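# Observations on chain architecture
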There are 2 protein chains.
Amino acid sequence: MSSDVVDSVDQTPNEPGPELSNRLGYLLKHAQQRLNELTAVALEPYNLNGRELGCLVVLDAMGPTSQQDAARRLGVDRTTMVALIDALEAKSVVVRRPFEEDRRRNVVEFTESGHELFLRALKASDEAERRFVSPLEDAAAEAFRHQLRAVIGVDDAR
Amino acid sequence: MSSDVVDSVDQTPNEPGPELSNRLGYLLKHAQQRLNELTAVALEPYNLNGRELGCLVVLDAMGPTSQQDAARRLGVDRTTMVALIDALEAKSVVVRRPFEEDRRRNVVEFTESGHELFLRALKASDEAERRFVSPLEDAAAEAFRHQLRAVIGVDDAR
DNA sequence: GGTGATTGTCAGTAGTACTGACGATCAGCG
DNA sequence: CGCTGATCGTCAGTACTACTGACAATCACC
């Protein structure tokens, strides 16, 4: 049968279509993609990426920590953490220090300039997040965070 | 009592910590990860993955289409679409048909059994999505979708 | 002192998605 | 008609991420 092919000359580069914009997989993927782009732009002056900043956030919250503890907290594999710390150490943001009380471990801690860089990058990243949720009202943005926490099973202060 | 060590054989005390559970990058990444897991389990009997199902959703909504049109609609690169269609064709879910009116193009369309498989897999995927948002009230789940559409710049239009 | 577990590391692998190039094809213009 | 530029599908190469499995070093326990 002759095909009713839509040879639409539409030049719209990215038109999701109504059926896709209801699929959570599509929505989540593209939301993350968009946030990643915004974050990458914001962090570019600091020579960091989003994953590295997340790692730094954990290190900052925990204080000097073993790689494994930080990895668990971040929710990544310990082998993934190795390369992450490698990169951060190469940029002189953190240092590995031998841990005398348990010599299997490294203690990972900020350098002085590294922590300063972290604080500035964090501010830029927060600004990117704000831009990301800017289409939402403040209450909706807060609800959005709350719902994300709920679906990944993080106990919220409720 | 939540901070104490779980004394079972549990090996993954995935404790995000308050500093991380406020970062959208972390939340989005793990939300997507969790949905992917649920979807993968749901689609496993159908020998499909989430990306392939998304592609099929587009094909179903557009009817027989060129690869490039479908790729645009899906929001992926046209080179990415090649491998996607390759896999789906290898599973006899879709077929490439030469398009006489423009011989540069392929027309991609469902096989008979492929469309039937798609409908069943879609149902399973929807069930996985429902499980994903099950921690939310119905109204919150709907709001969640709306907010996702808003932040990726898709007009809700209803 | 010996056994089993933990830590950091590395190699290998898999999935995803991009760029750049290529042939084939189409459309427009002289 | 032939030439030129653009488009489509394809492929090779690359990059990034994150995993498994193995390893040496170290610790904890008995």
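Calculation criteria
Residues numbered from 1 in each chain as written. Chains lettered and ligands numbered in written order. Predicted model: local features only at pLDDT ≥ 70, side-chain atom pairs only at ≥ 80, totals over all residues. Helix = DSSP H or I, 4+ residues; strand = E, 2+ residues; numbered from the N terminus. Buried ≥ 20, exposed ≤ 12 C-beta atoms within 10 Å, placed from the backbone. Contact = placed C-beta atoms within 7 Å. Least-squares fit on C-alpha atoms with pLDDT ≥ 70 in both. Expected span 1.5 Å × (residues − 1). Near = placed C-beta within 6 Å. Nonpolar A, V, L, I, M, F, W, Y, C, P; charged D, E, K, R; others polar. UniProt positions renumbered as here; feature names shortened; annotations may be inferred. Pairing = 2+ DSSP bridges.

Per an unreviewed UniProt entry, the recorded name for chain A is MarR family transcriptional regulator, and the organism is Actinospica acidithermotolerans.

## Some remarks on the overall build of chain A
Scanning chain A from terminus to terminus reveals six helices and two strands. The N-to-C order of helical and strand elements in chain A reads α-α-α-α-β-β-α-α. Evaluated residue by residue, chain A yields a buried proportion of 34% over its 158 residues. Intrachain contacts of chain A at a sequence separation of at least 6 include 43% that bridge at least 24 residues.

## Focus: the relation of the copies chain A and chain B
Each copy of the sequence occupies a distinct position, and chain A is placed on chain B by a rotation of 180° and an axial shift of 0.0 Å, giving an RMSD of 0.1 Å. What the rotation and shift describe, once combined, is the action of a two-fold rotation axis. Across chain A, the rotation axis passes nearest the C-alpha of A:Phe144, at a separation of 3.2 Å. A symmetric contact is evident, with 92% of the interface residues of chain A recurring at the interface of chain B.

## Focus on helix 2 (residues 50-62) of chain A
Residues separated by three or four positions in an α-helix point in the same direction, a consequence of the helix having 3.6 residues per turn. Across its 13 residues, helix 2 of chain A extends 19 Å between first and last C-alpha, which sits within 8% of the 18 Å expected from 1.5 Å per residue. A:Gly50, A:Glu52, A:Leu53, A:Gly54, A:Cys55, A:Leu56, A:Val57, A:Val58 and A:Leu59 are the residues of helix 2 of chain A that are buried.

## As for the protein's contact with DNA strand C
Neighbouring DNA strand C are 20 residues, the closest being A:Ser66, A:Gln68, A:Thr79, B:Asp77 and B:Arg103. When residues in the surface near DNA strand C are grouped by element, the largest group, four residues, is from helix 4 (residues 78-90) of chain A. Broken down by class, the residue content of the surface near DNA strand C amounts to three nonpolar, eight polar and nine charged.

## A few points about the UniProt feature "domain: HTH marR-type" (unreviewed entry) in chain A
In the numbering adopted here, UniProt assigns the feature "domain: HTH marR-type" (unreviewed entry) to residues 21-153 of chain A. Within the segment residues 21-153 of chain A, helix and strand shares are 67% and 8% respectively, and the terminal C-alpha atoms sit 24 Å apart.

## Brief notes about the pairing of strand 2 (residues 106-110) of chain B
Residue and element names in this part refer to chain B. Where burial is concerned, the two faces of strand 2 differ: the one with Asn106, Val108 and Phe110 is buried and the one with Val107 and Glu109 is not. Where strand 1 (residues 94-98) meets strand 2, five bridges bridge the pair, whose relative direction is antiparallel. If you follow Val95 over to strand 2, its bridge partner there is Glu109.

## A closer look at the interface of chain A and chain B
Interface size is often expressed as the accessible area that is lost when the parts come together. Counting from both sides, the interface comprises 50 residues of chain A and, opposite them, 52 residues of chain B. At the level of elements, helix 1 (24-43), helix 2, helix 3 (67-74), helix 5 (112-132) and helix 6 (138-151) of chain A are the ones that each hand at least two residues to the side of chain A that touches chain B. At 12 residues, helix 1 of chain A tops the list of elements feeding residues into the side of chain A that touches chain B. By residue class, the composition of the side of chain A that touches chain B is 26 nonpolar, 13 polar and 11 charged.

## Digging into the protein's contact with DNA strand D
Surveying the vicinity of DNA strand D reveals 20 residues, the closest of which are A:Asp77, A:Arg103, B:Ser66, B:Gln68 and B:Thr79. Elements supplying a minimum of two residues to the surface near DNA strand D: helix 4 of chain A together with helix 3 (67-74) and helix 4 (78-90) of chain B. No other element matches helix 4 of chain B, which puts four residues into the surface near DNA strand D. Residue composition of the surface near DNA strand D, grouped by class: three nonpolar, eight polar and nine charged.

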